[in-house]
Amino acid sequence: MENWITHFMEQFGYFGILLMIALENVFPPIPSEVILTFGGFMTTYTDLTVPGVILSATIGSVIGAVILYGIGLLLDVERLEKIIDRWGHILRVKKEDIYKADSWFDKYGYWTVFFCRMIPLIRSLISIPAGMSNMKFGMFLLFTTLGTLIWNVLLVTLGAILGESWGDILAFMDVYSNIAYAVIAIAAVVFVVLFIRKRRRSA
């Protein structure tokens, strides 16, 4: 996949970067680290510039995020309520749980979107709950763009600095991704344990 991505980017330049990043947001298995760092490297031997690569990547990221936000809108709380009415007894989830989760995202969602835009895989998927909670679209765009811009500036700049050694950053990004996933997994386990304990106490 990496060879196909880099070949496509070399062939289509800024548009190729924009399209690859947009697809990466909709299909997370496509690695943004490869696209951005190689895009930075391309500025060392083509007419592409670092600001141009960052702008193209940011536009592509926002386009992909908006698509997933729209999917989230289709899976709004009302639709979830219908699912809970039908399957809640099996999933052991109540409507109140949905309301609490939605309320939490309304309170902390903007910063959640901002920081999650800098975590591989999660950076794409976070747009779905943002849409589901009916986050204000303007604010969603603002925090998505800011988080995305920081991520893009960092990796594109590193790719430009490292030049032909741009691939070296991928090993570091794998470590960063694994640490981020481990932290998220631990947080999810803690949340589930606390949730179960609370349900037992209520019962």
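For every chain, the first residue of the written sequence is number 1, and numbering continues from 1 along that sequence. In view of the model being predicted, local features appear only for residues whose pLDDT reaches at least 70, and side-chain atom pairs are presented and counted only at 80 or more, with totals across whole chains, interfaces and linings using the full set of residues. Hydrogens and water molecules were not included; the side-chain quantities draw on all heavy atoms of the structure.

A. Quick peek at the nonpolar core. For the purposes of this section, nonpolar cores are sets of buried Ala, Val, Leu, Ile, Met, Phe, Trp, Tyr and Cys residues that join through side-chain atoms within 4.5 Å. Exposure is judged per residue with a 1.4 Å probe applied to protein chains only, and the accessible area is read against the type maximum: over 50% gives exposed, under 20% gives buried, and values in between give partly exposed. If you look at the biggest cluster of nonpolar residues, it comprises 35 residues, and the most contacted ones within it are M9, I35 and V113. The way it works is that DSSP assigns letters per residue, a run of H or I at least four long becomes a helix, a run of E at least two long becomes a strand, and they are numbered from the N terminus. At the level of secondary structure, the elements contributing two or more residues to this core comprise helix 1 (2–26), helix 2 (32–42), helix 3 (50–74), helix 5 (95–116) and helix 8 (137–162). Any two residues whose heavy atoms approach within 4.5 Å are treated as being in contact. The contacts of I35, once residues within four sequence positions are left out, are I5, M9, I17, M20, I21, E24 and I30.

B. Just the packing of helix 3 against helix 8, in detail. Each axis is a line fitted through C-alpha atoms, and for a helix only the stretch in contact is used; angles between axes span 0 to 180 degrees, taken between their N-to-C directions. Relative to each other, helix 3 and helix 8 sit at 140 degrees, their axes nearing to 8 Å. Classed by the angle they form, the pair helix 3 and helix 8 counts as oblique. Crossing of helix 3 over helix 8 shows right-handed handedness. In contact with V50, V53, I54, A57, T58, S61, V62, A65, V66 and Y69 of helix 3, helix 8 contributes F137, F140, L141, T144, T145, T148, L149, N152, V153, V156, T157 and A160. In this classification, the charged set is Asp, Glu, Lys and Arg, the nonpolar set is Ala, Val, Leu, Ile, Met, Phe, Trp, Tyr, Cys and Pro, and all remaining amino acids, among them Gly, are polar. Looking at the contact of helix 3 with helix 8 residue by residue, the class counts come to 15 nonpolar, seven polar and no charged. For this classification, under 35 degrees means roughly parallel, over 145 means roughly antiparallel, 65 to 115 means roughly perpendicular, and everything else is oblique. For any helix crossing, the convention is left-handed if the near helix is rotated counterclockwise from the far helix by under a right angle, and right-handed if that rotation is clockwise.

C. Structural view of the side chain of S56. Within the element layout of this structure, S56 appears in helix 3. Using a relative accessible area of 9% as the deciding quantity, one classes S56 as buried. When sequence neighbours within four positions are dropped, the list of residues in contact with S56 reads Y14, I17 and L18.

D. Focus on helix 3. Expected helix span is computed as 1.5 Å times (number of residues minus one). For helix 3, built from 25 residues, the straight-helix expectation of 36 Å at 1.5 Å per residue is met to within 8% by its first-to-last C-alpha distance of 37 Å. Whenever two N or O atoms come within 3.5 Å, that pair is a polar contact, provided that in protein one can donate a hydrogen and the other can accept it, and provided that, for residues adjacent in sequence, both atoms are side-chain atoms. A side-chain oxygen of the first residue of helix 3 lies 3.1 Å from the backbone nitrogen of G52; this N-cap is T49.

E. Highlighting a nonpolar patch on the surface. Where nonpolar side chains cluster on the molecular surface, the patch consists of L55, I59, I63, I67, I71, L74 and L75 and spans about 600 Å² of accessible area. Inspection of the secondary structure puts L75 in the loop between helix 3 and helix 4 (77–91). L75 gets classed as partly exposed once you look at its relative accessible area, which sits at 39%. What goes into a patch is any residue over 30% in relative accessible area without a salt bridge, connected to like charges within 9 Å or, for nonpolar side chains (Val, Leu, Ile, Met, Phe, Trp, Tyr), within 5 Å. Surface exposure here means Shrake-Rupley accessible area, sampled with a 1.4 Å probe, where a residue is shielded only by the protein chains that are shown. Salt bridge, as used here, is a side-chain nitrogen of Lys or Arg placed within 4 Å of a carboxyl oxygen of Asp or Glu.

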